[in-house]
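# Observations on chain architecture
If you want the building blocks of each chain, they are given just below.
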Amino acid sequence: MDVNIEASWKEELKEEFDKPYFGQIVHFLKEEKQAGKVIYPPGKLIFNAFDKTPFSNVKVVIIGQDPYHNAGQAHGLSFSVPDGVAPPPSLVNIFKELHADLNIAIPHTGNLEPWAKQGVLLLNASLTVVANSPNSHAQAGWHTFTDEVIRHISKDKEHLVFLLWGKFAQNKAELIDTNKHLVLKAAHPSPFSAHSGFFGSHHFSKANQWLQQQGEKPIDWSL
């Protein structure tokens, strides 16, 4: 199947695109649209995380659950919102921890594209969602695809940092080779759980410390 995705990912994942489950995802999305459902993000942004962070550039992986489901929020990057859109509560808490950890000023934008362009893969487990209906595409087959993405990254890359926030993301740890990658776990940054271990986790400084130890340029987490 010919998928419109960044070239290095297209090569890395070419076997996945030809598997039956991926065809089923495409068929499912077509049926949802034909049923009149509004799907986020827009079609051209479904693979935005891959387009902004080519396979060869990946240094850090942040795993989210599914895209934001309110109008104008989702643009294909986990936890991120476009310029001009107010940061949702979880992102606000991410910025608070960033400030506490590295004394980086709270940004005026919730657009995390500068992170993505430095090698932070902002990967949601589901790449689409129905408007106003969280987790509505959790059974669409996306999890099979994104689990394979994580396996490919783990197998074919070296010395990455995986930031796993919350139980859902932490369950992905079994897909990662911890002998060659750093896996950092903390509570989800949601207001319901951030005080249970996300605040004070220092994941941003720990990620940079690891990257520097591997001879890699650290991430500039400011926006």
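Residues numbered from 1 in each chain as written. Predicted model: local features only at pLDDT ≥ 70, side-chain atom pairs only at ≥ 80, totals over all residues. Heavy atoms only, no water.

### What about the environment of glutamine 213?
Mapped onto the fold, glutamine 213 is located in helix α9 (residues 203-213). On the accessibility criterion, glutamine 213 (55% relative accessible area) is exposed. For the pair formed by glutamine 213 and proline 114, sequence separation is 99 residues and the distance between their alpha carbons is 22 Å. (Helix = DSSP H or I, 4+ residues; strand = E, 2+ residues; numbered from the N terminus. Buried < 20%, exposed > 50% of the residue type's maximum accessible area, 1.4 Å probe, protein only.)

### Some remarks on the layout of surface pockets
In this approach a probe as big as a water molecule rolls over the atoms, and the regions it shows empty are the leftover space. Its volume calculated, the largest pocket comes out at about 570 Å³. Forming the walls of the largest pocket are 30 residues, and the residues nearest its centre are Gln65, Asp66, Tyr68, Ser90 and His188. Looking at the lining of the largest pocket, the elements that each hand over two or more residues are β2 (60-64), α5 (89-102) and α8 (167-170). In the lining of the largest pocket, the residues fall into 14 nonpolar, 15 polar and one charged. Approximately 450 Å³ is the volume found for the second largest pocket. (1 Å grid on protein atoms, 1.4 Å probe; cavity = no way out; pocket = protein on both sides within 12 Å on 5 of 7 lines; lining within 4 Å. Points joined across faces, edges and corners; volume = space filled by probe spheres on them. Nonpolar A, V, L, I, M, F, W, Y, C, P; charged D, E, K, R; others polar.)

### Focus: the environment of asparagine 135
The residue asparagine 135 is located in the loop between β4 (129-130) and α7 (142-156) in this model. When its relative accessible area of 35% is taken as the criterion, asparagine 135 is described as partly exposed. Separated by 92 residues in the primary sequence, asparagine 135 and glycine 43 place their C-alpha atoms 18 Å from one another. At 3.4 Å, the side chain of asparagine 135 and the side chain of glutamine 65 are in polar contact. (Polar contact = N/O pair within 3.5 Å; in protein donor to acceptor, adjacent residues only side chain to side chain.)

### Describing the packing of α5 against α9
With their axes 8 Å apart at the nearest point, α5 and α9 run at an angle of 60 degrees to one another. Taken together, the axes of α5 and α9 are oblique relative to one another. Judged by residue contacts, Ile94, Glu97, Leu98, Asp101 and Leu102 of α5 engage His203, Phe204 and Ser205 from α9. Each residue belonging to the contact of α5 with α9 can be placed in one class, and the counts come to four nonpolar, two polar and two charged. (Axes fitted to C-alpha atoms, helices over the stretch in contact; angles between N-to-C directions. Parallel < 35°, antiparallel > 145°, perpendicular 65-115°, else oblique. Contact = heavy atoms within 4.5 Å.)

### Observations concerning the pattern of salt bridges
On inspection of all chains with the given rule, the structure shows eight salt bridges. In this structure, arginine 151 and glutamate 148 form a salt bridge, with 2.9 Å as the shortest nitrogen-oxygen distance. Here arginine 151 and its partner glutamate 148 are both found in helix α7, three residues apart, which amounts to about one turn of the helix. (Salt bridge = Lys/Arg side-chain N within 4 Å of Asp/Glu carboxyl O.)

### A word on the side chain of serine 201
The topology assignment puts serine 201 in the loop between β6 (182-186) and α9. You can call serine 201 buried: its relative accessible area is 9%. In contact with serine 201, other than residues within four places in its own chain, are Glu97, Ala186 and Lys206.

### Overview of empty space enclosed by the protein
With the rule as written, the count across this model stands at one cavity of 30 Å³ or more. Estimated volume of the largest cavity: approximately 60 Å³. Every residue lining the largest cavity is listed: Pro41, Ile46, Ala49, Pro67, Gly76, Leu122, Leu123, Asn124, Ser126 and Leu127. The biggest single contributor to the lining of the largest cavity is strand β3 (residues 120-124), with three residues.

### A few points about unusual backbone geometry
Of the consecutive residues tyrosine 40 and proline 41, the connecting peptide bond is found in the cis state with omega at -10 degrees. Looking at the element boundaries, proline 41 is found in the loop between β1 (39-40) and α4 (48-52). One non-glycine residue, asparagine 103, lies in the positive phi region at around 60 degrees. Inspection of the secondary structure puts asparagine 103 in the loop between α5 and α6 (113-117). A relative accessible area of 62% places asparagine 103 in the exposed class. Phi angles above zero are rare outside glycine, and histidine 202 is one such case at about 55 degrees. The residue histidine 202 is located in the loop between β6 and α9 in this model.

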